[in-house]
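A closer look at the structure
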Amino acid sequence: MERLLKYLRITYRWIIGVTFELIYPFITFSAAAIVCFLIYMAVIIKK
Amino acid sequence: MIPHFSREDVSSILHYLGRLIYGMGIVMLVPVFVGVINMEWAPSIDFILSSLICLCAGSLILLKFNEERDLNWRQGMSLVALSWVMAMFFGAIPLYLSGHYNSYLDSLFEAMSAFATTGLVLVNNVDHMAYAYNFWRHFMCFIGGQGIILVALTLFVKGGSAFKVYVGEAREEKIMPNIIQTARFIWLVSLTYLVIGTSILLFINLLRDISPGRALFHSICLFMSGWDTAGFAVQSQNILYYHSPAIEIVTAMIFLLGAVNFGVHYAVWTGRPHELVRNFELKVYMFSILALFSLVCIGFIMQFPFPGYVPFFRKAFYQLISAHTGVGYSNITVQHFLYFWPPLALLGIILAMGLGGSSSSTAGGIKILRIGLFFKGIKKEIRILTSPESAVIVERFHHIRDISVEDNHIKMSAIIIILYVAVYLAGGVIGSFYGYPFLPALFESVSATANVGLSMGITSPLMPNGLKIVYIMQMWLGRLEFISVFVLFKFILSLKSPQ
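Residues numbered from 1 in each chain as written. Chains lettered and ligands numbered in written order. Predicted model: local features only at pLDDT ≥ 70, side-chain atom pairs only at ≥ 80, totals over all residues.

1. Focus: the overall build of chain B
Rules: The helix and strand labels rest on DSSP assignments: H or I over at least four residues marks a helix, E over at least two residues marks a strand, and numbering proceeds from the N terminus. Only C-alpha atoms enter the radius of gyration, while the globule expectation follows 2.2 Å times N to the 0.38, with N the number of residues. Exposure criterion: with C-beta atoms placed from backbone coordinates, a residue whose C-beta has 20 or more other C-beta atoms within 10 Å is buried, one with 12 or fewer is exposed, and one in between is partly exposed.
In terms of helices and strands, chain B carries 22 helices and 2 strands. A compact globule built from 499 residues would reach a C-alpha radius of gyration of about 23 Å, and chain B, at 22 Å, matches this within 12%. Considered along the principal axes of its C-alpha atoms, chain B spans approximately 65 × 60 × 50 Å. Here chain B, with 499 residues, has 54% of them falling under the buried criterion.

Pasting the structure below:
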């Protein structure tokens, strides 16, 4: 039973980890992309 | 004085080298399987022949040097540098037999480019290449990106030798206490994402009405090349071939994850997801992407070769992150780079390529952690100079755990940064000597050394042979981060000079 719980805990962490890693680049990339785009638009509008 | 290499050193190195070549022979049976299921008989025979050559060469070396000993540091380092050269020579055999290369040198270039996960190509007519050969090109990227030695570690390097060869392959961080466990963890991460990434790409390709077999082939190849930040693609037009924003987003996610330190993957997978937010290297990475994309944007103020802002953003941002992670996937043509990109925007891409991805990942280049440490070192020095003499200044950063910046960290980072910059510039100057303008020559040199694979058109089957050899050397040096190659040079020189 203890061993089963241990494996379940590892699997749970693994699923959470993979999910976070898949979401993380998407969020940070979108944020970085939007910031860069805003900078660019600001420069263009000023010009 | 540095000691000379002895007969015992040679024997130990050759023993493990024999095993590696033998292993190459076994690995070459995978494309045979791809060839057989696609009923490509001639390519399958080429791979069987190449495999037999490797098995025979490996067996002969093992027969002569059959004693297994633990490797010391210099043996381990020399073995790593030599392994990559041997992998190039043997991996190029099936490529040459394919008939898609003008010479054996061209296939050597392509093999080194694949193993070093560079992505510069000299192949002719890749659009009509047999599946087996094309799979081999991408499979070499996968093996090289994981690390030829890391592949071997999981198979047949044991004991105290393991850590020495692991470090020699430019991976300093031991993620787990045991190096074999570390190698297996790296495989676990890669295979997990292989399944996830390939499935998502397959789904997108099927939605685009590509036949199931072809969609699976494209998806696997795109994943292997993207995850290991190589940049090879099945078609000559690279990612531009698909004209698909969905594929661009998914490949971007794949190569960003591939360019993340395996230590961070381990932390996140073992219940510490906040590492993604706290990690110093990732923070520097995001800052660097923002700063360099701003530079690219400024470059395009005077000259705007895009039909609108959205296409501009899609193309320019993809190119920047592709350059920064070292993958070299491209959604524009070489001519677009050459004729329409202003110098300042190109400088942004060159800097992104030069800086590279995370340490202990599949990416190349200087590595973001070193850049961050270098600036931390400058900050520490300024704090020391502006504080009272009795003050104790401690500069810290979080990378898997809290670490204080030591002089040794800064020294090693500075040495590697200087070496990379010197090789970048040297390659640019050599390219100029061959008659190419300096900016494209520098672009190509940085792309080769940082193992990126973006090109401004210099890399082609028609470029001078001398330059092909220079780029092969740069790819090799850049992938192994110099030190193990320098130890190998010392080894070769000590064999020639008297004791």
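2. Focus: the overall build of chain A
Scanning chain A from terminus to terminus reveals 1 helix and 0 strands. Per-residue burial over chain A gives 15% buried out of 47 residues.

3. Overview of the pairing of strand β2 (residues 401-404) of chain B
For a regular strand, the rule is simple: side chains alternate between the two faces of the sheet. Residues and elements named next belong to chain B. We apply this condition: Two strands are said to pair when DSSP picks up at least two bridges between them.
Of the strand pairs in this sheet, strand β1 (residues 396-399) and β2 are connected by 4 bridges, and their pairing is antiparallel. Across the sheet, residue His398 finds its bridge partner in β2, namely Asp402. Remark: 1 residue form the turn of the hairpin made by β1 and β2, two consecutive strands paired antiparallel; Ile400 in that turn has positive phi of roughly 70°.

4. Regarding unusual backbone geometry
Residues and elements named next belong to chain B. Of note, the phi angle at Met39 is positive, near 55°, even though the residue is not glycine. The topology assignment puts Met39 in the loop between α2 (29-37) and α3 (41-64). Among the residues examined, Met39 registers 8 C-beta atoms within 10 Å and is labelled exposed. A positive phi angle is found at His243, which is not glycine, with a value near 45°. Mapped onto the elements, His243 comes out in the loop between α10 (212-227) and α11 (245-258). Assessed through the 11 C-beta atoms surrounding it within 10 Å, His243 is described here as exposed.

5. Some thoughts on the packing of helix α4 (residues 73-97) of chain B against helix α5 (residues 104-115) of chain B
Describing two packed helices takes the angle between their axes plus the distance from one axis to the other. All names here are of chain B. Put simply, the rule reads: Angles run from 0 to 180 degrees between N-to-C directions of axes, and those axes are lines fitted to C-alpha atoms, restricted for helices to the stretch in contact. Put simply, angles under 35 degrees are roughly parallel, angles over 145 are roughly antiparallel, angles from 65 to 115 are roughly perpendicular, and the rest are oblique. Handedness of a crossing is defined here by the sense of rotation of the near helix relative to the far one, left-handed for an anticlockwise turn of less than a right angle and right-handed for a clockwise turn. The contact criterion used here is simple: two residues whose C-beta atoms, placed from the backbone, lie within 7 Å are in contact. Here the term charged refers only to Asp, Glu, Lys and Arg, the term nonpolar to Ala, Val, Leu, Ile, Met, Phe, Trp, Tyr, Cys and Pro, and the term polar to all other amino acids, Gly among them.
Relative to each other, α4 and α5 sit at 120°, their axes nearing to 8 Å. Here α5 runs oblique to α4, going by the angle between their axes. In the crossing of α4 with α5, the sense of the turn from one axis to the other is right-handed. Contacts between α4 and α5 involve Trp84, Ala87, Met88, Phe89, Gly91, Ala92, Leu95 and Tyr96 from the former and Tyr104, Ser107, Leu108, Glu110, Ala111, Met112 and Phe115 from the latter. By residue class, the composition of the contact of α4 with α5 is 12 nonpolar, 2 polar and 1 charged.

6. What to know about the nonpolar core
The test is simple: A set of buried Ala, Val, Leu, Ile, Met, Phe, Trp, Tyr and Cys residues, joined through C-beta atoms within 7 Å, is what we mean by a nonpolar core.
Formed by 154 residues in total, the largest nonpolar core has its most connected members in B:Met112, B:Phe115 and B:Leu320. The element contributing the most residues to this core is α4(B), with 14 residues.

7. Overview of the environment of B:Ile410
Residue and element names in this part refer to chain B. Relative to the assigned elements, Ile410 resides in helix α19 (residues 407-433). Along the primary structure Ile410 and Leu373 are separated by 37 residues, whereas in three dimensions their C-alpha atoms are 6.1 Å apart. Ile410 has contacts with Leu373, Phe374, Gly377 and Val405, leaving out every residue within four places of it along the chain.

8. Structural notes on α19(B)
Residues and elements named next belong to chain B. What counts here: To estimate how far a helix should extend, the number of its residues minus one is multiplied by 1.5 Å.
Its 27 residues give α19 an end-to-end C-alpha distance of 39 Å, which sits within 8% of 39 Å, the value for a rise of 1.5 Å per residue. All buried positions along α19 are accounted for by Ile410, Ser413, Tyr420, Val423, Tyr424, Gly427, Gly428 and Gly431. Check the buried side of α19 and you find it contacts α17 (343-355), α18 (368-386), α20 (438-449) and α21 (465-480). Directly beyond the C-terminal end of α19, a positive phi value near 100° is found at Gly435.

9. Comments concerning helix α15 (residues 309-325) of chain B
Residue and element names in this part refer to chain B. For α15, which comprises 17 residues, the first-to-last C-alpha distance of 24 Å matches the rise-based estimate of 24 Å (1.5 Å per residue) to within 8%. Turning to α15, its buried residues number three or more, namely Ala316, Phe317, Tyr318, Gln319, Leu320, Ile321, Ser322, Ala323, His324 and Thr325. Once α15 ends, the next one or two residues include Gly326, with phi positive near 80°.

10. Focus on the packing of α15(B) against α17(B)
Residue and element names in this part refer to chain B. Direction vectors running N to C along α15 and α17 enclose 30°, while the axes themselves pass 6 Å from each other. The angle between the axes of α15 and α17 places the two elements in the roughly parallel class. Every residue of α17 that contacts α15 at Gln319, Leu320, Ala323 and His324 is listed here: Gly348, Ile349, Ala352, Met353 and Leu355. The residue makeup of the contact of α15 with α17, split by class, is 6 nonpolar, 3 polar and no charged.

11. Digging into the environment of B:Ile415
Residues and elements named next belong to chain B. Assignment of secondary structure puts Ile415 in helix α19. Owing to 13 C-beta atoms within 10 Å, Ile415 belongs among the partly exposed residues under this scheme. In this structure, the C-alpha to C-alpha distance between Ile415 and Arg370, residues 45 residues apart in sequence, is 10.0 Å.

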